[in-house]
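Chain by chain, the residues:
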Amino acid sequence: MSQLDQKQVLELLAPIRNREFGGESIVALGQVADIRICRPIVSVTVTLPNVGSEVTDEIREQVREALLGLPEIERAEVAVRTEVSASPTSRVGQNTAPPSGAPGPRAATPDPSKPEGVQNVVAIASGKGGVGKSTVSANLAVALAADGARVGLLDADVYGPSQTTMFGTDERPATDEHRRLIPLAAHGVRFISMGMLSSKETPVIWRGPMASRLVQQFFSGVVWGELDYLLVDLPPGTGDVQLTIAQTAALAGAVIVTTPQAVARTIAEKGLRMFQPVRVPVLGVIENMSSFACPHCGERTDIFSTGGGEEVAGDLGLPFLGGVPLDPRVVVAGDEGTPTVARDPGSPAAGAYREIARRVALEVARSNQAERGGVAESIHTETDALLVRWRDGSEDRFGFEYLRNHCPCATCVDEWSGQRRSLTLLLPTSFAPRKLVPVGNYGVQIHWNDGHETGIYSHHLLRRLARQQEEAPAPVG
């Protein structure tokens, strides 16, 4: 047998797909590392870019079985670890002037940046107050930390800071030799808040520019250290502080918190419009207070209507990250200074926060992957082709038949072998999309005229298919 090398191992593992990333190959995604061959042992490390991944065990088993199929290999050692991906320092077109009608001069803004050592900055926003955004921010931070992530929380609500209450401390932070603030830490989360710098009895009476400058100091003048995620608890609404952060911070994305009522659509749309002009990906929608969970019997009652958050997410083409039930224990936990994820980990609300935190981590990783593979500015159909316009100004066209026959879903591609299944004779010979549904910030789901609608075409996949089309030999004759 020829000498086994790393290239052969990569070719063997290429058919293994990560279904959290639209069914892309773990090799194409760059998630295979540290291949070591010492017959009869081969070891491989797979790195997943999001904490709390639900595909860890299945990918480990698929890689192990594939490696044991190699000649003269008797033992396969597979490690799957998390290496949280980092968002780019700036995104194409992110540094733009304020949207029309926004307050302040339409002047150039500084290049977006992240605090040193921080991989991803995620804004938690809402179109209005009273939706529980700060409670959501605190619990998401604790949930991410519980999954092994290095997490920070910046309380950007200068006028109504609440994270000192949520975490049970309002001590004044120390400073280092460069007079930078050292954040406090609780429940595995480093955090900073205006509540540490002012007394509870004294209101902060500042104009918008002063508040904005303070928040910028919280980015550049705080020793955050090495963090996978820095969550920013934004003030409610769409004012100066929110706009400053959206323009000057290199955000990995934003999460919109809303409530179940019909007015939820207006609330979420306000938050969405704040981030769209500055090219900040909106990672999804969280519905807070989605139902009342009885602490005694667990039965749920829809007090504030139901489904508003999920409906608005679908209408806006955003992922629905999940709903958090209205649980009295959440309020008690926040008032006592211990977020409910830490205080009542077995409660329905704590379980919901953990699931949502994992979805947020996944959407951050998907968005980062899409940015590296190329981000689509627009995707729409023409008479006989799908046209993709990329943010770098280039365009690609895909014939409908070509796209249908490259659907990445598990129905069309065997999840274990990676082999494409044959199309049946019952399928029409003239394929056409009936509907295009955006999937977060990283792909599009195509509903075909043959009834097939489970395929999610990530921007990364579309880029790869475009390269394959370019490299294909020209037809003869």
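Per chain, the residues get numbers from 1 upward, laid out in the order the sequence is written. Local features in a predicted model are, by the rule used here, given only for residues with pLDDT of at least 70; side-chain atom pairs are given and counted only at 80 or more, and totals for whole chains, interfaces and linings are based on all residues. The side-chain values count all of the structure's non-hydrogen atoms but skip hydrogen atoms and water molecules.

### Comments concerning the overall build of the chain
Working definition: helices are DSSP H or I runs of at least four residues, strands are E runs of at least two. Numbering for both runs from the N terminus. When helices and strands are tallied, the chain shows 13 helices and 20 strands. Relative accessible area decides the class of each residue, using a 1.4 Å probe on protein chains only: under 20% of the type maximum gives buried, over 50% gives exposed, and in between gives partly exposed. For the chain, the proportion of its 477 residues judged to be buried stands at 51%. In the chain, of all internal contacts separated by at least 6 residues, the share reaching a separation of at least 24 is 69%. A total accessible area of about 21300 Å² is found for the chain, and carbon and sulfur atoms account for 50% of it. Contact criterion: two residues are considered in contact whenever any of their non-hydrogen atoms come within 4.5 Å of each other. Only the protein chains shown count as cover for residues, with accessible areas throughout obtained via the Shrake-Rupley method and a probe of 1.4 Å.

### Brief notes about the side chain of Asp155
Along the chain, Asp155 falls in strand S7 (residues 151–155). Two residue types count as positive, namely Lys and Arg, and two as negative, namely Asp and Glu; His and chain ends fall outside the count. One speaks of a salt bridge when a side-chain nitrogen belonging to Lys or Arg is within 4 Å of a carboxyl oxygen belonging to Asp or Glu. Buried charge without a salt bridge: Asp155, with Lys133 as the nearest opposite-charge side chain at an N-O distance of 6.6 Å. Here a polar contact means two N or O atoms within 3.5 Å. Within protein one must be a hydrogen donor candidate and the other an acceptor candidate, and residues neighboring in sequence count only if both atoms are side-chain atoms. Of the polar contacts made by the side chain of Asp155, one reaches the backbone nitrogen of Gln163; its length is 3.1 Å. Excluding residues within four positions of it along the chain, Asp155 makes contact with Pro161, Ser162, Gln163, Ile192, Ser193, Met194, Phe218 and Asp233.

### What to know about the nonpolar core
Residues enter a nonpolar core if they are buried and are Ala, Val, Leu, Ile, Met, Phe, Trp, Tyr or Cys, with the set joined through side-chain atoms within 4.5 Å. Membership of the largest hydrophobic core comes to 81 residues, with the highest contact counts inside it found for Ile245 and Phe275. Element by element, the count of residues in this core is highest for helix H11 (residues 348–373), at nine residues. In this view, Ile245 contacts Ala156, Val215, Phe219, Val232, Leu234 and Leu251; residues no more than four positions away in its chain are not counted.

### Observations concerning the sheet that holds strand S19 (residues 443–448)
Overall, antiparallel pairing links the three strands, which are arranged S18-S19-S20 in an open sheet. Sheet topology places strand S18 (433–439) and strand S20 (456–458) at the edges, where each strand pairs with a single neighbour. The mean inter-strand angle of the sheet, taken between neighbouring strand axes irrespective of direction, is 30 degrees. Two strands are counted as paired when DSSP detects at least two bridges linking them. In this structure, S18 lies alongside S19, joined through six bridges in antiparallel fashion. Its bridge partner being in S19, Pro433 is matched across the sheet by Trp448. Fitting a line to C-alpha atoms yields each axis, with helices limited to the stretch in contact; the angle taken between N-to-C directions then spans 0 to 180 degrees. Strands S19 and S20 of the sheet are contacted by helix H13 (residues 459–471), whose axis makes an angle of about 75 degrees with S20.

### Comments concerning the pattern of salt bridges
Across all of its chains, the model carries 23 salt bridges by this definition. Here Glu24 makes a salt bridge to Arg464, at a shortest N to O gap of 3.4 Å. One end of the pair, Glu24, is in strand S2 (residues 24–25); the other, Arg464, is in helix H13, and 440 residues separate them in sequence. Its relative accessible area of 1% is what places Glu24 among the buried residues. Among the salt bridges present, the one from Asp450 reaches Arg404, with a minimum N-O distance of 3.0 Å. Residue Asp450 is found in the loop between S19 and S20, and its partner Arg404 is found in helix H12 (residues 400–404); the two are separated by 46 residues along the sequence. Residue Arg404 is classed as buried on the basis of its relative accessible area of 4%.

### Regarding the packing of helix H3 (residues 133–146) against H11
It is the contact of H3 with H11, at a shortest axis distance of 9 Å, that shows an interaxial angle of 75 degrees. By the angle class used here, H3 and H11 are roughly perpendicular. Packed against H3, whose contacting residues are Thr135, Val136, Asn139, Leu140, Ala143 and Leu144, the element H11 presents Tyr353, Arg354, Ile356, Ala357 and Ala361 at the interface. Lys, Arg, Asp and Glu make up the charged group, whereas Ala, Val, Leu, Ile, Met, Phe, Trp, Tyr, Cys and Pro make up the nonpolar group; the residues left over, Gly among them, are polar. Per-class residue counts for the contact of H3 with H11 are eight nonpolar, two polar and one charged. An angle below 35 degrees is read as roughly parallel, one above 145 as roughly antiparallel, one from 65 to 115 as roughly perpendicular, and any other as oblique.

### Here's the deal with the confidence of the model for the chain
For residues with low pLDDT, the predicted coordinates do not support detailed interpretation. Summing up the model confidence of the chain, the mean pLDDT is 81 and the portion of residues at 70 or higher is 81%. Each residue carries a pLDDT score, the predictor's own confidence in it, on a scale running from 0 to 100. Scored below 50 in pLDDT, residues 92–108 makes 33 contacts in the model with residues more than four places away or belonging to other chains.

### Side note on the sheet that holds strand S5 (residues 75–82)
Spatial ordering of the open sheet is given by S3-S4-S5, a layout of three strands whose pairing is mixed. Of all strands in the sheet, those with a lone pairing partner are strand S3 (32–38) and S5, marking the two edges. The sheet shows a mean angle of 10 degrees between the axes of neighbouring strands, taken without regard to direction. Where strand S4 (residues 41–48) lies against S5, eight bridges are found, and the strand directions are parallel. Directly across from Thr47, in S5, lies its bridge partner Arg81. Sheet contacts for helix H1 (residues 6–13): S3 and S4; angle to S3, the most-contacted strand, approximately 125 degrees.

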